[in-house]
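Residues per chain, in single letters:
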Amino acid sequence: GKGVGLMAASGVMFCLMSILIRRAADVDSFMVAQFRFMIGLALLGSAALSGRIVLRFQNGPLLFLRGLTGGISVVLFFLSIAKLGIGKGTVISYCYPVFASLIGAVCLRERLGPIRIPAICAALGGMVLLSLGKSAGGGLDWHVGRYEVLALTGALMSGIAVVVVRKLHQTDSTYAIFFSQCLVGLWLVVIPANVSGDSLGYTGGTMLLCIGVLAAVGQLLMTEGYRHVTVTTGSLLGMLTPVLNFLVGLLFFRERLSGHAIFGAVL
């Protein structure tokens, strides 16, 4: 249906965005996030000024929570790709369907069913394997690195944000929901993004502009898609992005994962 098409298109946009983030790995993640939020605000503000959309905000507390959790998840997602690679960073970050499904079952009373529960357990096991490193002796190193922990934290924030988006569709428009993420997210990153004083240059600025546009389009498509599908269904459709990013990392960036990490990614 319509929701499936919107979620698939969103996945492609986020994959293209991830490629550019990987190319701009030396740029501060807060700066990348700032560009994403600023461009999102600019696009929605321009559309509102021209009369193409109307921005009305109904549920203020939930809109703020959506902006807070979504803003944190965006920063951690960018950081994960820059530090862990486009393949591993994306797959860990996109474990959010596990958290979204569990939170949706508790908060929205969505049924998990007998098939989804084992699937969630398998996904949790996959997250653990993917997060573990390799010891000097060739076995598993059960110490989880800080960037893996940050990626999992970002996935948790994304899971909460998805449930909030689903709830907000009862009162607020797609544009208001996305605007709240950009606005609160910008306040979160504006100071750390500008303390380094690094010069981007025209090439870096153009790349960040493209990242922001792709992110805005992908986010709008995803947010609207959740109007037509459940949290669990939408989250599973969102797994198109890590699959595409995993392949891109292998084919174009020559990223390599250990055997247990690949098995974890498959799970």
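Data block above holds the structure.
These remarks concern the structure in this document.

### What about the overall build of the protein?
No. 1: When you go through the protein residue by residue, the secondary structure sums to 12 helices and two strands.
No. 2: What you see in the protein, going N to C, is helices and strands ordered as α-α-α-α-α-α-β-β-α-α-α-α-α-α.
No. 3: In terms of C-alpha radius of gyration, the protein reaches 18 Å, essentially the compact-globule figure of 18 Å for 267 residues.
No. 4: Principal-axis analysis of the C-alpha atoms places the extent of the protein at approximately 60 × 50 × 30 Å.
No. 5: Looking at the protein as a whole, 49% of its 267 residues qualify as buried.

### A word on helix 2 (residues 29-49)
No. 1: With 21 residues, helix 2 extends 30 Å between its outermost C-alpha atoms, agreeing within 8% with the 30 Å of an ideal straight helix rising 1.5 Å per residue.
No. 2: Listed in full, the buried residues belonging to helix 2 are S29, M31, V32, A33, Q34, R36, F37, I39, G40, L41, L44 and A47.
No. 3: Those residues of helix 2 that are buried lie in contact with helix 1 (2-23), helix 3 (60-84), helix 8 (174-189) and helix 9 (201-225).
No. 4: By the N-cap criterion, in which a side-chain oxygen at the helix start approaches the backbone nitrogen of a residue two or three places on, helix 2 is capped by D28, the distance to F30 being 3.1 Å.
No. 5: Downstream of helix 2 by one or two residues, G51 has phi in the positive range, about 85°.

### Here's the deal with the packing of helix 2 against helix 3
No. 1: Running from N to C, helix 2 and helix 3 point in directions that differ by 130°, and their axes come no closer than 9 Å. The orientation of helix 2 with respect to helix 3, classified from their angle, is oblique. Regarding helix 2 and helix 3, the two cross each other, and that crossing is right-handed. Of the residues in helix 3, those touching helix 2 at S29, F30, V32, A33, R36 and F37 are G71, V74, V75, F78, L79 and A82.
No. 2: For the contact of helix 2 with helix 3, the class distribution of residues is nine nonpolar, two polar and one charged.

### Quick word on the packing of aromatic side chains
No. 1: Applying the stated criterion across every chain, the model contains two aromatic pairs.
No. 2: For the ring pair F57 and F179, a centre distance of 5.6 Å and an interplane angle of 50° mean the geometry is tilted. With F57 in the loop between helix 2 and helix 3 and F179 in helix 8, the pair connects residues that are 122 residues apart, well separated along the chain.
No. 3: Note on F57: relative accessible area 43%, which makes it partly exposed.
No. 4: The exposure class assigned to F179 is buried, which follows from its relative accessible area of 17%.
No. 5: Considering the side-chain rings of F77 and F78, the 6.1 Å spacing of their centres and the 45° angle between planes classify their relative orientation as tilted. For the residue pair F77 and F78, the accessibility class agrees, reading buried in each case.

### Topic: the side chain of S158
No. 1: Note that S158 resides in helix 7 (residues 146-168).
No. 2: Excluding residues that lie within four positions of it along the chain, S158 makes contacts with S73 and Y96.

### Describing the nonpolar core
No. 1: Counting 51 residues, the largest nonpolar core has M17, A33, F37, F78 and Y226 as the members making the most contacts within it.
No. 2: When residues of this core are traced back to their parent elements, those giving at least two are helix 1, helix 2, helix 3, helix 5 (96-107), helix 7, helix 8 and helix 9.
No. 3: Ranked by residues supplied to this core, first place goes to helix 2 with seven residues.
No. 4: Excluding residues within four positions of it along the chain, F78 makes contact with M17, I21, S29, V32, A33 and R36.

### Points about the pattern of salt bridges
No. 1: Under the counting rule described, the total for this entry stands at one salt bridge.
No. 2: A salt bridge links E224 to R227; its shortest N-O distance comes to 3.5 Å.
No. 3: We classify R227 as partly exposed; its relative accessible area is 35%.

### Quick notes on the environment of M13
No. 1: Within the fold, M13 resides in helix 1.
No. 2: Along the backbone, M13 and A216 are 203 residues apart, and their C-alpha atoms lie at a distance of 9.1 Å.
No. 3: Residues within four places of M13 in sequence aside, it is in contact with L214, V217, G218 and L221.

### Some remarks on the side chain of Q34
No. 1: Residue position: Q34 is located in helix 2.
No. 2: Among the polar contacts listed, one links the side chain of Q34 to the side chain of N194, at a separation of 2.8 Å.

### Side note on the packing of helix 3 against helix 8
Angle between the axes and distance between the axes: these two values describe a pair of packed helices.
No. 1: At their nearest, the axes of helix 3 and helix 8 sit 7 Å apart, and the two run at 60° to each other. Looking at the two axes, helix 3 sits oblique to helix 8. In this structure, helix 3 meets helix 8 at a crossing whose hand is right-handed. Across from L63, F64, R66, G67, L68, G70, G71, I72, V74 and V75 in helix 3, the residues of helix 8 making contact are A176, I177, S180, Q181, V184, G185, L188 and V189.
No. 2: Here the contact of helix 3 with helix 8 is built from residues that sort into 11 nonpolar, six polar and one charged.

Rules and cut-offs
One numbering rule holds for all chains: residues counted from 1, following each sequence as written. Residue-level local features of this predicted model are given only where pLDDT is at least 70; pairs of side-chain atoms are given and counted only at 80 or more, and the full residue set underlies all totals for whole chains, interfaces and linings. Each side-chain value is derived from all of the structure's non-hydrogen atoms; neither hydrogens nor water enter the calculation. Put simply, DSSP marks the helices as runs of H or I at least four residues long and the strands as runs of E at least two long, and each gets a number from the N terminus on. The globule rule used here is 2.2 Å times the number of residues to the 0.38 power, and the radius of gyration it is set against is calculated over C-alpha atoms. Accessibility here uses a 1.4 Å probe with only protein chains present; expressed as a share of the type maximum, an area under 20% marks a residue as buried, one over 50% as exposed, and anything in between as partly exposed. Helix span, as expected, comes to 1.5 Å for every residue beyond the first. Contacts between residues were defined by any pair of non-hydrogen atoms, one from each residue, lying within 4.5 Å. Polar contact criterion, stated in full: a pair of N or O atoms within 3.5 Å, where within protein one must be able to donate a hydrogen and the other to accept it, and residues adjacent in sequence count only if both atoms are side-chain atoms. Interaxial angles span 0 to 180 degrees and are taken between N-to-C directions of axes, which are lines fitted to C-alpha atoms, for helices over the stretch in contact. Working definition: roughly parallel below 35 degrees, roughly antiparallel above 145 degrees, roughly perpendicular at 65 to 115 degrees, and oblique for all remaining angles. Helix crossings fall into two classes, left-handed where the near helix is turned counterclockwise from the far one by less than a right angle and right-handed where it is turned clockwise. Under the convention adopted here, Pro, Cys and the residues Ala, Val, Leu, Ile, Met, Phe, Trp and Tyr are nonpolar, Asp, Glu, Lys and Arg are charged, and Gly plus all remaining residues are polar. Pairing of aromatic rings covers Phe, Tyr and Trp, the last through its six-membered ring, and needs centres within 6.5 Å; plane angles under 30 degrees mean stacked, over 60 mean edge-to-face, and all others mean tilted. Among buried residues, the Ala, Val, Leu, Ile, Met, Phe, Trp, Tyr and Cys ones that are joined through side-chain atoms within 4.5 Å form a nonpolar core. When a carboxyl oxygen of Asp or Glu is within 4 Å of a side-chain nitrogen of Lys or Arg, the pair counts as a salt bridge.

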